[in-house]
Amino acid sequence: MFSDLTEVLEAGLDQPNWQAKSMAALDAFPGLGKTTIGLAFAKHVHNSLIRQYGRFTDSGHERWPVIRVGMMGDTGVKDFNWAMLEFFAHSGRKTGTASTFLSRALDCALSCESRLLLVDDLQFLQFRSAQGTKLSNQFKSIANEFPVMILFIGHELQTKGLYDDPQLAYRITPLELKAFTIDDEAGREQWRNFLLALEQRLVLARKYPGMLADDLSDHLYARCHGHIGSLMTLVRRGCQRAFRTGEERLTVALMSQVKLDRAAEQRRAEWEARLASGANSSRPARRRKRE
Ligand SMILES: Nc1ncnc2c1ncn2[C@@H]1O[C@H](COP(=O)(O)OP(=O)(O)OP(=O)(O)O)[C@@H](O)[C@H]1O
Ligand SMILES: [Mg+2]
């Protein structure tokens, strides 16, 4: 994902301002880590451009490589432009029209040499409403005028109508993020490697190598079916319980007592039965053979 995003960003870095800049849309189910990836990418872009070119531009302005705007249910064109000005703490954000806000934001983006505009929670926007159409036209203007790549983040963006406008459909590169799957060996290896990395980060006095990746692999998969948001919540709550009870390690008995979100709990019984029957396993074959 990071390399796809870097490719889209870097291919557009030297484009002249009058050319339409690239846009990408990270579209995935809730809780799969879209915001986390978007922010990690934003941090990477911010740090690497500052490291490369310094904290100030040649004209002496502060360098702000990334602009971040979060959408809300009723975000209109003016609110969106206001949010960009708010990001820059622009003194002219209190009064003005939508277009004056936009031209002030453009001035900031040019002066601060911004390169990435992150628009999170785009699913709040109904593109098929009058407000949505105005905003999608505005995104096109930003891509035309601003020196930035736009990264949209949201879910069901196609159903919401992001690609209804042919110009946007031709300019936006869709990127997907999937849950961990255990249908094949490569997926099971990836799941195991993630658990190995995760268990190293846990701070519990009685943890041991393989606590998550070997002894809890099936249980964790049955609870979250590869959904990173549910997995992280489960592990966080489990650690809290292990710490509170003095057990200081995670076991199936302890984790079974931890309550989880409704979406995860709804499919728990089905996955527990599949894993218990041997129809599926969450562990790579080479690990199973050793036992
Ligand atoms: N790569 C990761 N490593 C560790 N934890 C992660 C990772 N990605 C996501 N998480 C955790 O998963 C949870 C959900 O992530 P995030 O908020 O990024 O999802 P989202 O796709 O933006 O969800 P939503 O659609 O609800 O906005 C967070 O608590 C985050 O800490
Ligand atoms: Mg999010």
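Residues numbered from 1 in each chain as written. Chains lettered and ligands numbered in written order. Predicted model: local features only at pLDDT ≥ 70, side-chain atom pairs only at ≥ 80, totals over all residues. Heavy atoms only, no water.

By the naming in an unreviewed UniProt entry, the protein chain goes by ATP-binding protein and is assigned to Streptomyces hoynatensis.

**Notes on the site of ligand 1**
In the vicinity of ligand 1, the residues found are P30, G31, L32, G33, K34, T35, T36, D121, I228, G229, M232 and R236. At a separation of 2.6 Å, an oxygen atom of ligand 1 approaches a polar side-chain atom of K34. Here R236 contributes a side-chain N or O atom positioned 3.1 Å from an oxygen atom of ligand 1. Look at ligand 1: alone it shows 630 Å² of surface, and the protein chains cover 68% of it. When residues of the shell around ligand 1 are traced back to their parent elements, those giving at least two are α2 (34–53) and α10 (228–245). With 4 residues, α10 is the single largest residue contributor to the shell around ligand 1. Along the lines of polarity and charge, the residues of the shell around ligand 1 split into 4 nonpolar, 5 polar and 3 charged. Counting the residues that make up the shell around ligand 1, at least three belong to each of domain 1 (2–176) and domain 2 (185–289). (Near = heavy atom within 4 Å. Polar contact = N/O pair within 3.5 Å; in protein donor to acceptor, adjacent residues only side chain to side chain. Areas by Shrake-Rupley, 256 points an atom, 1.4 Å probe, with all protein chains shown as cover. Helix = DSSP H or I, 4+ residues; strand = E, 2+ residues; numbered from the N terminus. Nonpolar A, V, L, I, M, F, W, Y, C, P; charged D, E, K, R; others polar. Domains from an automatic or database assignment.)

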